[in-house]
Structure formats: C-alpha cells, structure tokens
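Listed here are the chains, written in short residue letters.
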Amino acid sequence: MSGNFLALAQPGVQQLSPYVPGKPVDELARELDLDPAKIVKLASNENPLGASPKALAAIREELAELTRYPDGNGFALKSLLAEQCRVELSQVTLGNGSNDILELVARAYLAPGLNAVFSEHAFAVYPIATQAVGAQAKVVPAKDWGHDLPAMLAAIDANTRVVFIANPNNPTGTWFGAEALDEFLQDVPEHVLVVLDEAYIEYAEGSDLPDGLDFLAAYPNLLVSRTFSKAYGLAALRVGYGLSTAVVADVLNRVRQPFNVNSLALAAACAALKDDEYLAQSRQLNESGMQQLQAGFRELGLSWIESKGNFICVDLGQVAAPIFQGLLREGVIVRPVANYGMPNHLRVTIGLPAENSRFLEALRKVLARG
Ligand SMILES: *Cc1c(COP(=O)(O)O)cnc(C)c1O
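All of these numbers come straight from a predicted model, not from anything done at the bench.

Take the overall build of the protein next. Within the protein one finds 13 helices and 13 strands. Computed over its C-alpha atoms, the radius of gyration of the protein comes to 21 Å, within 12% of the 21 Å expected for a compact globule of 370 residues. Going through the 370 residues of the protein one by one, you find that 52% of them count as buried. Across the protein, every contact between residues at least 6 apart in sequence was considered, and the portion connecting residues at least 24 apart equals 73%.

Pasting the structure below:
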C-alpha cells in the first residue's frame, strides 16, 4: 500500500496554496502564439529599466570565478550595506532574495503551537513561511486596504513570536507613517520579533514613509528586510538582506544555507548599491509612470488605491478576472489579486512610458467590449 503523501504532509502545509507568480512572457507567447517582443509584462513589480550597466559589468567579471563557491559570509556586500545602513557588519543577514530572510525568521522563531501575526491583503509569502514550519497564521482584517496596526497589536498573544508588517505593502501599496510605526513598536511585547518588510522603500524617498533603520537602535526586537529585486533591478539574481541586532542575525545565520547567495548576485548587488544614478533614474521613472497611469485611470473613470510602491491597484468596479484575460489577449500581463481577497482589483507594475501607454490602451479596449 502506498502512503497518501498529501495527507502525510504536516497540516499547515496541506492548507497552503502554492505562490502564484506573475505570468512569464514566454508562457503567454506560447499559449497565444504571440511575438514575445510585443508582450508587455507589468505583473511582478520588476524594474522596467533593466539591470544597472555597472551590475552587468560586475557579473561579467565574476564569471571567471564560477567554479568556486561564493563567499558564504558575503563580506564585501555586508560591508557596503553596513556602511550605507549605519549598522555593524554583524547586524546584516544576506538572503536569497528577501524572501529567504522571511523564511529564516520563520524557521528560527516559529514552530507548532506558536503564531505569526500579519494583515489581510499582505504579501503571500507570510502565510507560506509561517505554515511551512507548522506555526499558525493570525490574519488581522485590513483597514482601508492597509495595515490596522492597533488591531494587529491586539491580535498578539502569548504564543506570538513574529509580526510581519510591510511598508509600503504589496499588493495594496498602502503605507503607515513614522508616528504610527513608533507607537506600534513601543507597544509590541519585547518577546515578539517585528519584521518590517521594506521591499519598496527605495521608491519612497522624500515621502512621509519612515526609514525602518531609524528605529533599529531603539527596538532590539525589530528586523528590517530589504531587497535588490525591485528598485535595484536584480530580481532574477535573488538577493536581499535583513538588518537586526547582532543576536538575531546570529540566530538567522544558524539556519541559513551555507551559500544562500550566489557569487554573481553578490557581485551585482555590490555594484548596484554604488550606482546612485541608476537608483535616481528608477525613482524618477516610477514617479512619472505613476502619474501617467493615474491620469489614464481618471480618464477611464476608474479609481485606485494610492500607492507608494512601483505598482498600483486599480479598482475595475467589477470582477477583474475577465478583464485580466482580455488584457492577456492584447499581449499585456498584469496581476490579478483575487487570491489576496481583492477580486475587483488588478495590480499593475509601473513600466516604461510606452509600456504604460500600451496597457492603458489595451484596458480601454477591453473595457469598451464590456
Ligand atoms: C517583492 C517583495 C519581496 C521580496 O522579494 P525578493 O525578490 O525575494 O527579495 C518581499 N516583500 C514584499 C512585500 C515584496 O513585494
């Protein structure tokens, strides 16, 4: 007799659905027999600029060392990050994407009988990381699509070990200010690790978003996670980082894969971190693209959720799935967010001006067909 290997999976895993990524360009091209070059993908919050030329040059140079294991301690990148983030090297944890950091936290601090608190409409990786280690996910209803921090505080109990908060949040783009964050951190019990996910923080410069790093010294139970996948344009390489006390970093280091960040990613991230021009261009492109999309939505009579990320959720006022399908047939890939409890919205990543126009034109066409 063979075992039922679904029923044998631990209960938390049985209840999970796999992460649904944005539809890859080549997949849509195959399915609809379209020219991949003519497909516009605004589905995964990727940087439309392409990688920094400096990062590409660093990768080319690193290719000569491909036979060697990467530096498992990531010394060069950690040094740069420590300097830029005003922390000690011992406070930096590198991850295979910041996703990896979230999983390291779950593996180190969560277990059956314990729980993690996070918001409704929050990043899909939080329940995956939590339930994968047999812990309970405590999902707190959102307020105006964003985190209800007081309600999240109230949800914390004696078995809570981790709270995941994202600022800005994906997929909603919602955010909270410095005062709200400070009040939250003041009231969170000391035994609860607060993971402040700042995957999009580089886009928020000059806005009223707090810089999580400003709170690290005052709150030893705070971990800030960041990534090179979004504003730094290196999503394919998988590199992100966590900043915390040295104690938390040491704990995460114990459960980390020995070579979790590859050498091409390490080299490219170092180069990208020094490319201020690229980052400035990314921000500028994002700001103008955000204006362009909002103007387009306004013309179409659609509303949206204000966003501080490189993406925006548009409210179609109807079930979005057929519109999503219609856009695919026009060669435009965006992100349905029904699995985030948002059936009437589509999440659109800010693209290049021409990509944004293509999307808006396709949306107009698909909506007009009714
Ligand atoms: C994209 C994203 C991440 C991280 O992605 P990585 O590529 O794994 O670094 C983390 N949190 C949120 C909210 C995101 O949107």
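The next subject is the sheet that holds strand β2 (residues 92-95). Strands sit in the order β2-β8-β7-β6-β5-β3-β4 across an open sheet of seven strands; the sheet is mixed. Two strands lie at the open edges of the sheet, namely β2 and β4 (136-140), each paired on one side alone. Within this sheet the neighbouring strands show an average axis-to-axis angle of 20°, counted without direction. Sheet contacts for helix α5 (residues 98-109): β2, β5 (160-166), β6 (193-197), β7 (222-227) and β8 (240-243); angle to β7, the most-contacted strand, approximately 150°.

Below, the discussion takes up the layout of surface pockets. Here the largest pocket is characterised by a volume of approximately 560 Å³. Breaking the lining of the largest pocket down by element, the ones donating at least two residues are α5 and α6 (125-132). For the lining of the largest pocket, the element with the highest residue contribution is α5, accounting for four residues. A class-by-class count of the residues in the lining of the largest pocket yields 12 nonpolar, nine polar and eight charged. Structurally, the lining of the largest pocket is a two-domain feature, drawing no fewer than three residues from each of domain 1 (21-50 + 277-369) and domain 2 (53-274).

A few words now on the pairing of β6. Here β6 lies mainly inside the structure; five of its five residues are buried. The sheet contact formed by β5 and β6 spans five bridges and is parallel. Its bridge partner lying in β6, Val 163 is registered against Val 194. In the classification by handedness, the crossover that spans β5, the intervening helix α8 (residues 178-187) and the parallel β6 is right-handed. Across four bridges, β6 lies against β7 in parallel orientation. In the sheet register, Val 194 faces β7, and the bridge partner there is Leu 222.

To continue, consider the environment of Leu 193. On the secondary structure map, Leu 193 appears in strand β6. Spatially, the C-alpha atoms of Leu 193 and Tyr 219 are 9.7 Å apart, while their sequence positions differ by 26 residues.

So, on to the site of the ligand. Around the ligand sit Gly 97, Ser 98, Asn 99, Phe 123, Asn 170, Asp 197, Ala 199, Tyr 200, Thr 227, Ser 229, Lys 230 and Arg 238, and that is every residue in its neighbourhood. A distance of 3.0 Å is found between an oxygen atom of the ligand and a backbone nitrogen or oxygen belonging to Asn 99. Here an oxygen atom of the ligand and a side-chain polar atom of Asn 170 are 2.7 Å apart. Look at the ligand: alone it shows 380 Å² of surface, and the protein chains cover 94% of it. Spatially, the ligand is embedded in the largest pocket. The class makeup of the residues in the shell around the ligand is three nonpolar, six polar and three charged.

The next point concerns the domain arrangement of the protein. Each assigned domain of the protein is listed with its residue range as follows: domain 1 (21-50 + 277-369) and domain 2 (53-274). One C-alpha centre belongs to domain 1, the other to domain 2; they are set 26 Å apart. On the side of domain 2, 25 residues touch domain 1, which itself brings 23 residues to the contact. Summed over both sides, the interface between domain 1 and domain 2 buries roughly 2,100 Å², with carbon and sulfur atoms accounting for 64% of that surface. Considering only the side of domain 1, the residues that lose the most area to domain 2 are Arg 283, Lys 308 and Tyr 340, jointly responsible for 34% of the buried surface there. The tally of links between domain 1 and domain 2 comes to zero salt bridges. Our count for the contact surface shared by domain 1 and domain 2 stands at nine residue pairs in polar contact (both at pLDDT 80 or more). Breaking the side of domain 1 that touches domain 2 down by element, the ones donating at least two residues are α11 (276-299), β10 (311-315) and β13 (345-349). In terms of residues, the side of domain 1 that touches domain 2 owes the most to one element, α11, which gives five residues. Residue composition of the side of domain 1 that touches domain 2, grouped by class: eight nonpolar, 10 polar and five charged.

The rules we used
Residues numbered from 1 in each chain as written. Predicted model: local features only at pLDDT ≥ 70, side-chain atom pairs only at ≥ 80, totals over all residues. Heavy atoms only, no water. Helix = DSSP H or I, 4+ residues; strand = E, 2+ residues; numbered from the N terminus. Rg over C-alpha atoms; globule rule 2.2 N^0.38 Å. Buried < 20%, exposed > 50% of the residue type's maximum accessible area, 1.4 Å probe, protein only. Contact = heavy atoms within 4.5 Å. Pairing = 2+ DSSP bridges. Axes fitted to C-alpha atoms, helices over the stretch in contact; angles between N-to-C directions. 1 Å grid on protein atoms, 1.4 Å probe; cavity = no way out; pocket = protein on both sides within 12 Å on 5 of 7 lines; lining within 4 Å. Points joined across faces, edges and corners; volume = space filled by probe spheres on them. Nonpolar A, V, L, I, M, F, W, Y, C, P; charged D, E, K, R; others polar. Domains from an automatic or database assignment. Right-handed = clockwise from strand over helix to strand, strands pointing away. Near = heavy atom within 4 Å. Polar contact = N/O pair within 3.5 Å; in protein donor to acceptor, adjacent residues only side chain to side chain. Areas by Shrake-Rupley, 256 points an atom, 1.4 Å probe, with all protein chains shown as cover. Sits in = over half its atoms within 2 Å of the grid points. Buried area = accessible area lost by both parts, 1.4 Å probe. Salt bridge = Lys/Arg side-chain N within 4 Å of Asp/Glu carboxyl O.

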